[in-house]
Amino acid sequence: AQSVTQLDSHVSVSEGTPVLLRCNYSSSYSPSLFWYVQHPNKGLQLLLKYTSAATLVKGINGFEAEFKKSETSFHLTKPSAHMSDAAEYFCVVSDRRNFNKFYFGSGTKLNVKP
Amino acid sequence: DAGITQSPRHKVTETGTPVTLRCHQTENHRYMYWYRQDPGHGLRLIHYSYGVKDTDKGEVSDGYSVSRSKTEDFLLTLESATSSQTSVYFCAISDQGANTEAFFGQGTRLTVV
């Protein structure tokens, strides 16, 4: 079975400081992993995806995620937070052997303080 | 942006009435999904489709039904709406293949009073 756990429901950082949003996954085979962002009252936008080509994945707006098989983790990072990063972030795993069904974590709300 | 349109975008309905939400895609993707979003739960899968007239239940399917008579359209029906079905509903599409991402519609905010 595929599942993800987001370890923090809320994260608060100051503008210009690093961001770390944590995600652990469970998968019975090599996973397909994604991070999505949702700004208030908006739809979901893909930040990045893990394709197994490289363990460090670069996404949009300066975000990165590192796939660590030994730790079953796929944490999202950004070196320097911007006010516009304030949003909710979702870690997602898809079951590529079962119609690509997508399973979401419960989300992490990122607050960026001036 | 992927061509996904949800309608209506907002709806208020009374308990016990039927409600149908529509998802329309122009990408010719094989897979279509309906999710609901509730605070603290992320998005949860209601139903999905893997082809015309091919659908199956997700993790929170009770009280919902779906139909897909054309590749581009996926309908979600609440047979008799209840207050617990007040939520934001998202349609998503995905193509075949490994590591293929989902594209989401803008969502439908449904309030059952």
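Now for a look at the structure at hand.

### So, the nonpolar core
Residues and elements named next belong to chain A.
Phase 1 of the analysis: Ranked by size, the top nonpolar core spans 26 residues in total, and within it Trp35, Leu48, Phe74, Leu76 and Tyr89 carry the most contacts.
Phase 2 of the analysis: Examining the composition of this core, we find that four residues originate from one element, strand 10 (residues 87-95), more than from any other.
Phase 3 of the analysis: Contact partners of leucine 76, with chain neighbours within four places excluded, come to Val19, Leu20, Leu21, Trp35, Leu47, Leu48, Phe63, Glu64, Ala65 and Tyr89.

### Some details on the environment of phenylalanine 99 of chain A
Phase 1 of the analysis: Note on placement: phenylalanine 99 of chain A falls in the loop between strand 10 and strand 11 (101-104).
Phase 2 of the analysis: The exposure class of phenylalanine 99 of chain A is partly exposed, given its relative accessible area of 25%.
Phase 3 of the analysis: Those residues in contact with phenylalanine 99 of chain A that lie beyond four places of it in its chain are Tyr31, Tyr33, Tyr48 and Tyr50 of chain B.

### Focus on the pattern of salt bridges
Phase 1 of the analysis: The final tally for this structure, using the stated rule, is eight salt bridges over all chains.
Phase 2 of the analysis: Lysine 58 of chain A is the partner of glutamate 64 of chain A in a salt bridge, and the nearest nitrogen-oxygen pair spans 2.4 Å.
Phase 3 of the analysis: By relative accessible area, which is 23% here, glutamate 64 of chain A ends up partly exposed.
Phase 4 of the analysis: According to the relative accessible area criterion, lysine 58 of chain A is exposed, its value standing at 62%.
Phase 5 of the analysis: Across the salt bridge formed by aspartate 85 of chain A and lysine 78 of chain A, the nearest N and O atoms sit 2.8 Å from each other. Taken as a pair, aspartate 85 of chain A and lysine 78 of chain A share a single burial class, namely buried.
Phase 6 of the analysis: Three or more residues joined by partner-sharing salt bridges are found here, namely Arg22, Lys70 and Asp73 of chain B.

### Quick word on the interface of chain A and chain B
Phase 1 of the analysis: Taken together, the contacts link 24 residues of chain A with 25 residues of chain B.
Phase 2 of the analysis: Between chain A and chain B the total buried area reaches about 1900 Å² when both faces are included, carbon and sulfur atoms providing 56% of it.
Phase 3 of the analysis: Per-residue buried area on chain A facing chain B is highest for Phe99, Phe102 and Phe104 of chain A; these three make up 31% of the total on that side.
Phase 4 of the analysis: Taken together, the links from chain A to chain B amount to one salt bridge.

### Considerations on the side chain of serine 94 of chain B
Phase 1 of the analysis: Looking at where serine 94 of chain B falls in the secondary structure, it is placed in strand 9 (residues 87-94).
Phase 2 of the analysis: Judged by relative accessible area, serine 94 of chain B falls into the buried class, the value being 0%.
Phase 3 of the analysis: Other than its neighbours up to four places away in sequence, serine 94 of chain B contacts Asn100 and Phe102 of chain A together with His29, Arg30, Tyr31, Tyr33, Thr100, Glu101 and Ala102 of chain B.

### Overview of the sheet that holds strand 1 (residues 4-7) of chain B
Residues and elements named next belong to chain B.
Phase 1 of the analysis: One open sheet holds the four strands; their spatial order is 1-3-8-7, and the pairing between them is antiparallel. Of all strands in the sheet, those bounded by a partner on one side alone are strand 1 and strand 7 (64-70). Sheet twist, expressed as the mean angle between neighbouring strand axes with direction ignored, is 15 degrees.
Phase 2 of the analysis: Pairing between strand 3 (residues 19-25) and strand 8 (residues 73-78): six bridges, direction antiparallel. Along strand 8, the bridge assignment pairs valine 19 with leucine 78.

### A word on unusual backbone geometry
Phase 1 of the analysis: Of the consecutive residues serine 7 of chain B and proline 8 of chain B, the connecting peptide bond is found in the cis state with omega at -10 degrees.
Phase 2 of the analysis: When you line up the elements, proline 8 of chain B lands in the loop between strand 1 and strand 2 (10-13).
Phase 3 of the analysis: Despite not being glycine, threonine 72 of chain A shows a phi value in the positive range, around 45 degrees.
Phase 4 of the analysis: Mapping threonine 72 of chain A onto the fold places it in the loop between strand 8 (64-68) and strand 9 (73-78).
Phase 5 of the analysis: Positive phi outside glycine occurs at phenylalanine 99 of chain A, with the angle close to 60 degrees.

Cut-offs and rules
- Residues numbered from 1 in each chain as written.
- Chains lettered and ligands numbered in written order.
- Predicted model: local features only at pLDDT ≥ 70, side-chain atom pairs only at ≥ 80, totals over all residues.
- Heavy atoms only, no water.
- Core = buried A, V, L, I, M, F, W, Y, C linked by side-chain atoms within 4.5 Å.
- Buried < 20%, exposed > 50% of the residue type's maximum accessible area, 1.4 Å probe, protein only.
- Helix = DSSP H or I, 4+ residues; strand = E, 2+ residues; numbered from the N terminus.
- Contact = heavy atoms within 4.5 Å.
- Salt bridge = Lys/Arg side-chain N within 4 Å of Asp/Glu carboxyl O.
- Buried area = accessible area lost by both parts, 1.4 Å probe.
- Pairing = 2+ DSSP bridges.
- Axes fitted to C-alpha atoms, helices over the stretch in contact; angles between N-to-C directions.

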